[in-house]
Amino acid sequence: MSFRIVLILTLTLTLNLTSFASAQETNWGAQAETLLAGLDTAGRVGQLFLVTFQGSDAPPESEIADLIANYRVGGVVLLAQNDNFTGPDNTAAQAITLTNQLQQWALLGFAEQEGDSRPPQAAPPNPSAVPLLIATTHEGNGPPYTQILNGLTELPSAMALGATWQPPNAQTIGEIAGQELAAVGINLLLGPSLDVLENPSPSNPSDLGTRTFGGDPYWVGLFGRAYTAGVHLGSGNRVAVVAQHFPGYGSSDRPAQEEIATVRKSLEQLKQIELAPFFAVTGRANEPEGTTDGLLTSHIRYQGFQGNIRATTAPVSFDPQALSTLMQLPEFAPWREQGGVIVSDELGVRAVERFYDDTLQEFPHRRIAKDALLAGNDLLYLSDFALGDGDYQSHLANVKDTITWFQERYETDPTFQQRVDEAARRVIQLKLRLYNGDFSLSNVLADSTLVETMVGRQQGAVFGVAQAAITLIAPSPAELIERLPSPPDANDRIVIFTDVRNTRQCRDCPAQAAIGVGDLEQRMLALYGPSASGQVRPGQISSFTFGDLKAFLAAGPGPIFLPTAAPGTPTATSESEATSTPSPTPTPPPAFLVQEALSGADWIIFAKLGNGGSEGDSDALRLFLAQRPDIARTSRVVVFAYDAPYFLDTTEISKLTAYYGVYSHVGPFIDASVRALFQESPLAGAPPVSVAGIGYDLFTITQPDPNQVIGLFVVNDGVAESPPSAEPLEVVVGETLHLQTGIIRDRNDHPVPDGTVVQFIRQDRLEGFFNVIAERPTSGGVAQLDYLLEAVRGQFRITAAAGEAHVSDGVDIVVGDNVIVIRITPTPAPTSTATATATPTATSTPSPTPTLTPGPTTTPEASGPRRPATNGRWQMLLGLTLGLLLTSGVGWAFAANGRITLTRRVRLLLWGFMGALLAYNYLALGLPGSAWLTTLGGWAGLLATLLGGGVGLTIHWVVKHET
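Below: a short report on this structure. Note that the structure is predicted; figures quoted are calculated from it, not measured.

**Structural notes on the sheet that holds strand β20 (residues 658-661)**
Phase 1: Taken in spatial order, the six strands line up as β11-β20-β19-β18-β12-β15 in an open sheet, and their pairing is mixed. The open sheet has two edge strands, β11 (471-474) and β15 (541-545), and neither has a second partner. Each adjacent strand pair in this sheet contributes to an overall mean axis angle of 20°, direction not counted.
Phase 2: Helix α26 (residues 667-677) contacts β18 (603-608), β19 (636-641) and β20 of the sheet and is inclined by roughly 155° relative to β19.

Here it is, written out as structure tokens:
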């Protein structure tokens, strides 16, 4: 009785909480409607715009103050390229000051001071004022997609998270991002990227690299959902998430910023790959925290979107039909109805300019903004909103003109007015959720006193992710032990080449390197130098840039000599005696220093970023391997890929001693890579994308591991269990047996993606027949089957198979007067001894597919006659033979009695044979209606053959007489 009371109370509480959440969401909608009604035309129109501006502050005379207070823009985007942040010191404090200034202009506005030439001052609070959305990109891994380079915790790239194959790591990093962005007053995160890098293309300038979680849509969705939940939880739901780039440009063949790309895919194909991660954070999100607040639409068009391969959409961001079709999908429709916001990608990029005028002579800014709004975008991102790059005054003029034109059209066009109100309502509703309905200054402004305690203090958590992500790409672990039996020691000479890429927090800020030329050396000495274990000595390590290496290669294979010192010049003395003062010794050029370092190098370490660095030196590693294999053969050559792991080909990788995937170049990852070199890293990561250079195909890797034994359980009262053979589970005919597999693992020993098909196979233990009784998709790596127990006497075994994994536990069902269910475990599959063809973290090449031959079993005797299962097939064949002989004998005798011709007799016999064989095959395949015959054992084949033969003879006789 007490249990029922607790159950009723629990259900009641759950329903009340659900109703409260629904009512709260509805309440935000009602409040948004009330606020919208109190806004004038400028206030409503302004809510639609996210604008960029230049400068690191917002004084009253600034252009951004004017845009906020007078044009009532609803949001701003802070970017390093616009000098919105200063650095490298006190960047976080400056960011708080800026965001608070911006919010004050939104909530207070300007006081009307007619005839006063002084700068306008903040007015008293406006009850109808709405705070700003202050947005930025913060994808991790430094610039260009992380805007605040100093002061906050250095976050890893998305691919580094994907390489851990542990979504909780994504939630941890998301929590750090959410907490620190909220602390500096940023409330809108343009990210994460949910693009699927299905086919990496290193030479393609549009290649996403480490910006994506990986190449499998299921895993990208899992990580995107976890990261989104982390941002919401870390910020206390004060930072909104806008997943990008919807509907996905992982298959794009060119940079979306430069030219509109066209992808040949139908809507059905998009659902399987590109759209699947976005489903995971909208309609298929399991909890509110994992649901994205918005989607950022990309400037990409699709050929064959609606099935007609000759039809091409406009860019989705400007195509109302395509965007509406997507939003009507069942995975998006509820999310959209509950207030989901659609944000356009940047409307001033070169791709948009070319789309509207391929001659680049005109930029129809009004039309571009209008088309984006009418297509379905709620927030219009106006960045570089003019022809060309860097023309800020033209951008500013176009922004103001567009807003003013929108206001005028709002007053005269009811249809346009309705669309503006709909979009503004969604934006206001989002802001209400962010601030819990409280738009007071004290609630909106960031607390600058907390910056020291809330930001830049989570490097330990990032290092944990780095340790889990580091991947040994080549060779295999066993071969690595042979190649590198020990790490560097104090007598080894180490030469380090670093791919140096410089960036700046602002135009006047000092240059900062993604990886400094001495960063790896410093970490080696800090961890293993004289003050630590003493494994390395400072004088034994030399550090150079990729540019220095290219200078050495450019000098050719011959020796490089120091320049000869210039002859001395005479110098007069007080005694008028001429003396000669020698010139100073010339500084050795980098090429000479590299030559000297390499001449005795035991280790050559490359710290590599991706292709296409601005300095043009990213190809130095490939040139070295191609031009100086003599040096590579005499040293231990180790490459750390601090970017994507697929930039080297098979031949290049074969020349390396070891190749590690690091995926990110922030400080903790440099630390973790040095520990990997000194063999103090678990090397637990695995590439989340295909790596052609080692034959690592992600689709194959995420298929079920053929060497596993799939668990199979009986679910009883919601608990997966298997009754021991000594105490069999007794049930009655007509009940449903609930079966569930264990977690099915892929070749990296992770759960297979959701939707992986599992076959449930039934074997007749007496007759030896196999047939697939059901196919079920996995969820969380597990598949389930409800099996109806029928009144069919016999002994049956149910097993499971997925892909090339054919060995599983079994559930034996013996049907007699009652039904007894017993679980048996077959002999484990043998471990594969084949050579690994991919990453060592992946399972080796699969062994030959195990057969479905049943193993020994101990099952209780069924009531009724029982025959050994090993004789079932012979009895069936004997029954077939006898049946054919009887059928032919009866047919011949019948024909002879009817005095028909020999031709007709043969035709009659063929009809009988045909009917007999069809009936036998129907039985052998276990098709519907044949189960009752299997209880007869070997006689089933005889009876089926006779029945089928009789039917065949009858059909021939009827047809003969009708004709």
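**So, the environment of V814**
Phase 1: Relative to the assigned elements, V814 resides in strand β29 (residues 810-815).
Phase 2: Residue class for V814 comes out buried when judged on its relative accessible area of 6%.

**A short note on the sheet that holds strand β28 (residues 794-801)**
By way of backbone hydrogen bonds, the strands of a sheet pair with one another, either parallel or antiparallel.
Phase 1: Pairing is antiparallel across the open sheet formed by six strands, whose spatial order is β23-β30-β29-β28-β25-β26. Each edge of the open sheet is held by one strand with a lone partner, namely β23 (729-731) and β26 (770-777). Adjacent strand axes in the sheet meet at a mean angle of 25°, parallel and antiparallel pairs treated alike.
Phase 2: Two elements, β28 and β29, share five bridges in a ladder whose sense is antiparallel. Pairing of G794 across the sheet is with V815, part of β29.

**What about the packing of aromatic side chains?**
Phase 1: Applying the stated criterion to the full structure yields 25 aromatic pairs.
Phase 2: Note on F318 and F355: the rings are 6.3 Å apart at their centroids and 15° apart in plane angle, and the pair reads as stacked. On the criterion of sequence distance, the pair formed by F318 in the loop between β8 (300-303) and α10 (320-327) and F355 in helix α12 (residues 350-356) is long-range, its members being 37 residues apart.
Phase 3: On the basis of relative accessible area, F355 is assigned to the partly exposed category, the value being 31%.

**Things to note about the pairing of strand β6 (residues 261-264)**
Phase 1: Burial of the side chains of β6 is restricted to one face: A261 and V263 are buried, whereas none of T262 and R264 on the reverse face is.
Phase 2: In this structure, β6 lies alongside β8, joined through four bridges in parallel fashion. Looking across to β8, one finds that T262 is bridged to R301.

**Details of the environment of V890**
Phase 1: Among the secondary structure elements, V890 is positioned in helix α28 (residues 872-897).
Phase 2: A residue is classified by how much of its surface remains accessible, and V890, at 53% relative accessible area, is exposed.
Phase 3: C-alpha of V890 to C-alpha of L953: the two residues are 63 residues apart in sequence and 9.4 Å apart in space.

**Digging into the pattern of salt bridges**
Phase 1: A full pass over the atoms with the stated rule returns 31 salt bridges.
Phase 2: Note that D378 is salt-bridged to R419, the shortest N-O span being 3.2 Å. Residue D378 is found in the loop between α13 (365-375) and β10 (380-382), and its partner R419 is found in helix α15 (residues 414-434); the two are separated by 41 residues along the sequence. Like R419, D378 is buried.
Phase 3: Between D413 and R409 there is a salt bridge, with the nearest N and O atoms lying 3.2 Å from each other.
Phase 4: Each of the salt bridges in this network shares a partner with another, and the network as a whole consists of R336, D378, R419, E422 and R426.

**Description of α26**
An α-helix turns once per 3.6 residues; consequently, residues spaced three or four apart project the same way.
Phase 1: With nine of 11 residues buried, α26 is to be regarded as a mostly interior element.
Phase 2: Looking at the buried positions of α26, the neighbouring elements they touch are α5 (158-164), α18 (459-469), α20 (519-528), β18, β19 and β20.

**Focus on the side chain of D643**
Phase 1: Relative to the helices and strands, D643 resides in the loop between β19 and α25 (650-654).
Phase 2: Buried charge D643 goes without a salt bridge, the closest partner of opposite sign being R501 at 6.3 Å.
Phase 3: Sequence-distant contacts of D643, that is, excluding residues within four places in its chain, are made with T210, K608, L609, G610 and Y663.

**A few points about the pairing of β28**
Phase 1: Counting buried positions over the eight residues of β28 gives eight, a clear majority of the element.
Phase 2: Residues of β28 alternate between two faces, with G794, F796, I798 and A800 on one and Q795, R797, T799 and A801 on the opposite face, all of them buried.
Phase 3: Where strand β25 (residues 757-764) meets β28, six bridges bridge the pair, whose relative direction is antiparallel. Note on β28: the bridge partner recorded for Q759 is A801.

**Observations regarding the packing of α13 against α15**
Phase 1: As a packed pair, α13 and α15 sit with axes 10 Å apart at the nearest point and diverge in direction by 70°. Classified by the angle between their axes, α13 and α15 sit roughly perpendicular to one another. Only F416, R419, V420 and A423 of α15 make contact with α13, whose side of the interface consists of K370, L373 and L374.
Phase 2: Split by residue class, the contact of α13 with α15 holds five nonpolar, no polar and two charged.

**Notes on unusual backbone geometry**
Phase 1: Of the consecutive residues G87 and P88, the connecting peptide bond is found in the cis state with omega at 5°.
Phase 2: Assignment of secondary structure puts P88 in the loop between β2 (75-77) and α4 (91-108).
Phase 3: Here G191 and P192 are connected by a cis peptide whose omega angle stands at 5°.
Phase 4: When you line up the elements, P192 lands in strand β4 (residues 188-193).
Phase 5: Within the chain, N141 stands out as a residue other than glycine whose phi angle is a positive 70°.
Phase 6: Within the secondary structure layout, N141 lies in the loop between β3 (133-136) and α5.
Phase 7: The backbone of N237 sits at a positive phi, close to 65°, despite the residue not being glycine.
Phase 8: A relative accessible area of 39% means that N237 is categorised as partly exposed.

Cut-offs and rules
- Residues numbered from 1 in each chain as written.
- Predicted model: local features only at pLDDT ≥ 70, side-chain atom pairs only at ≥ 80, totals over all residues.
- Heavy atoms only, no water.
- Pairing = 2+ DSSP bridges.
- Helix = DSSP H or I, 4+ residues; strand = E, 2+ residues; numbered from the N terminus.
- Axes fitted to C-alpha atoms, helices over the stretch in contact; angles between N-to-C directions.
- Contact = heavy atoms within 4.5 Å.
- Buried < 20%, exposed > 50% of the residue type's maximum accessible area, 1.4 Å probe, protein only.
- Phe/Tyr/Trp six-rings, centres within 6.5 Å; stacked < 30°, edge-to-face > 60°.
- Salt bridge = Lys/Arg side-chain N within 4 Å of Asp/Glu carboxyl O.
- Lys, Arg positive; Asp, Glu negative; His and termini not counted.
- Parallel < 35°, antiparallel > 145°, perpendicular 65-115°, else oblique.
- Nonpolar A, V, L, I, M, F, W, Y, C, P; charged D, E, K, R; others polar.

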